[in-house]
Amino acid sequence: MIIKYRYIPIPTIYFNQQLLFLTTIIATSNSPLARQEASAPTVELTHNNDSCKSHTCISNTLKISAKMGNLDEGKHIHGHIIKLGMTNVLSLGNQLLHVYVKCKELVDACKVFNEMGVRNIVTWNTLICGLRYSTERFRRNGHLGFSYFKKMLMESVFPDCITFGGLLRLCVELNDGVWLVKELHCAIVKMGYDQSCFLGATLVDLYGKFGLVGESRCVLDGVLARDLVLWNVMVSCYVLNGLGEEAFWFFNLMRLEGVEGDEFTFASLLNSCATLGLYDSGRQIQGLVIKVCLNKDVVVESALVDMYAKNEHINDARKAFDVMSFRNVVSWTTIIVGYGRRGDGKETIELLKRMLREDFVPDELTLASVLSSCGNLSMATETVQVHGYAAKCVFSNYSSVGNALINAYSKCGSIAHAYQSFSSIKTPDRFSWTSMIGAYASHGFSKEAIQLFEEMLVKGVKPDGIVFLEVLAACSHGGLYSKGLQYFSLMTNHYQIMPSSEHFTSLTDLFGRLGLLNEAYEILNSMPVESQPDALKAFIGACKIHGNMTLAKWAAEKLFVIDPNDTATYVLMSNLYASDSNWLDAALVWEMARDRLHNKSPGCTVEITRGINTLV
């Protein structure tokens, strides 16, 4: 039996009951009869009871509003607090601040904070820790958090572990985050919080994300009483930085100190095996998982499926998936991504259908992987069906799904649908622009590709080497000589991007297509040797088109020296001599190939079966 995990929200009826009760109290307290009875001594106790009830009711309602992220109801309660004259009640002020923070309303949260007449450490911690969840620009909020921390110290409010934990989390995306972490680390030691497992785990995690594994280990060694969370974070730190052997060594150290590890420990180790290709170690970890009876845990089992899939043992991954007692969206996504990485579009579609039949809702990663597989096999019908499902579930606006749709439609030959997918992305990232420019370039729409690239620069998106590679390919296919030189110069001089062999190949191909063989020859001579093979092949192809046997022989001799075991070189030269009716030299090239190379494997035909049921 498969158990599905679902989010069960707090019943709205409970929230409405609390709000109705609160409204009744407000209406009663403001009525003329209530004001008349309030002057009598016998009603004093009742008035106090009503005040106590209203306080409890407001507190409970604010807790629900924060948990559900219900901003409108939070503002409604805020109005009642003002109306009841409870703005100076510290506990309610803290809870109201928490509502605005949870709803990511930074401006309103700061306004409430500044209007509070009395503040305690909870107030400061709520605001500082909540800044990292705001929807505004993160770096600005990070520095704002440290600004409030300075004000906190100036008001003689001493920070605690939660304060430092919130400040450390703000350092992740800051340009000077490493130095701020080190400064906070010094403050933590000076204030005597260095033995806190909570802060120790946070410091280990942050140093690991910044690549400072040595500093992470020093923090852990400084904590005398370590809990399992701290051990797990250190294992994850080694895994994150690609230090698989160190992670296993540290795991053995854990066991020597009597800490067996839990599901997160084994999941981290399996992730390390997946990333570093440690198949045998992964199987050993599986044995330990069974030994400690964690083989039914969904987190560990999903990590095991991922480990097998990334080590290219998809059959073992499928076996591990099929025997899972419990599955969630992560489990399904893991196996679908595993098949998608192999380009098995048929199986990814079947798994997606099965996932939907079992009432699991795929996320954007699942759909992106399925679309990538459909694109690799040019499965146009299936791509349209998955696109329809993504649009129905409002996933098509996600950049990952949009990028996968662009590539899938491009590989299926539907450039119009590719551009439609690109246009549906609200904030296209650099990968989105690159995908669409590449789609235009590969289909021969050179002018459209260049137009889109210019629009990308106007939007302020900084290009990288891959974008320039697509643009140069577009210039090459369109025979745009001056544009190609312009963009190559822009890449090397303005953006300081070092050209790779692919860039030189595109430039050589551009010159060769236009018959500018001497210019292409000069570029080849100026290139480093390791970048030459692909460019030389493109140059030989251009020489064949324009009938320049002298330069073609020169390029072929260089290729034979650089890579004498490349079959493509012999094929190029043989075809070149054959096109010039020089059959003797063509035969000599093939005889040379037989002497140096093994026989080529015979080709085979693969038939792909189409036709699936509609997903939506």
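For clarity, every value in this text was computed on a predicted model and none was experimentally measured.

Remarks on the environment of Gly 478
Stage number 1. Counting through the fold element by element, Gly 478 comes out in helix H27 (residues 465–478).
Stage number 2. On the basis of relative accessibility, which here comes to 39%, the residue Gly 478 falls in the partly exposed class.
Stage number 3. Separated by 37 residues in sequence, Gly 478 and Ala 441 place their C-alpha atoms 8.7 Å apart.

Looking at the side chain of Ser 432
Stage number 1. For Ser 432, the position within the fold is in helix H25 (residues 430–442).
Stage number 2. Classification of Ser 432 as buried rests on a relative accessible area of 0%.
Stage number 3. In this structure, Ser 432 is in contact with Ser 399, Asn 403, Ile 406, Phe 422 and Ile 425, ignoring residues within four places of it in sequence.

Considerations on the packing of aromatic side chains
Each aromatic ring pair is specified by the distance between its two centres and by the angle formed by the two planes.
Stage number 1. If you walk through the whole model with that rule in mind, you get 22 aromatic pairs.
Stage number 2. Consider the rings of Tyr 481 and Phe 511, whose centres lie 5.4 Å apart with planes at 50°: the pair is tilted. Here Phe 511 lies in helix H29 (residues 501–513) and Tyr 481 lies in helix H28 (residues 481–494), a separation of 30 residues in the sequence.
Stage number 3. Accessibility expressed as a relative area gives 4% for Phe 511, which makes it buried.

Points about helix H9 (residues 161–170)
Stage number 1. For H9, the buried fraction is high: seven of the ten residues fall into the buried class.
Stage number 2. Of the residues that open H9, the one with a side-chain oxygen 3.2 Å from the backbone nitrogen of Ile 162 is Asp 160.

Each value, and the rule that gives it
- Residues numbered from 1 in each chain as written.
- Predicted model: local features only at pLDDT ≥ 70, side-chain atom pairs only at ≥ 80, totals over all residues.
- Heavy atoms only, no water.
- Helix = DSSP H or I, 4+ residues; strand = E, 2+ residues; numbered from the N terminus.
- Buried < 20%, exposed > 50% of the residue type's maximum accessible area, 1.4 Å probe, protein only.
- Contact = heavy atoms within 4.5 Å.
- Phe/Tyr/Trp six-rings, centres within 6.5 Å; stacked < 30°, edge-to-face > 60°.
- Polar contact = N/O pair within 3.5 Å; in protein donor to acceptor, adjacent residues only side chain to side chain.

Nothing here speaks to function; it is all geometry.
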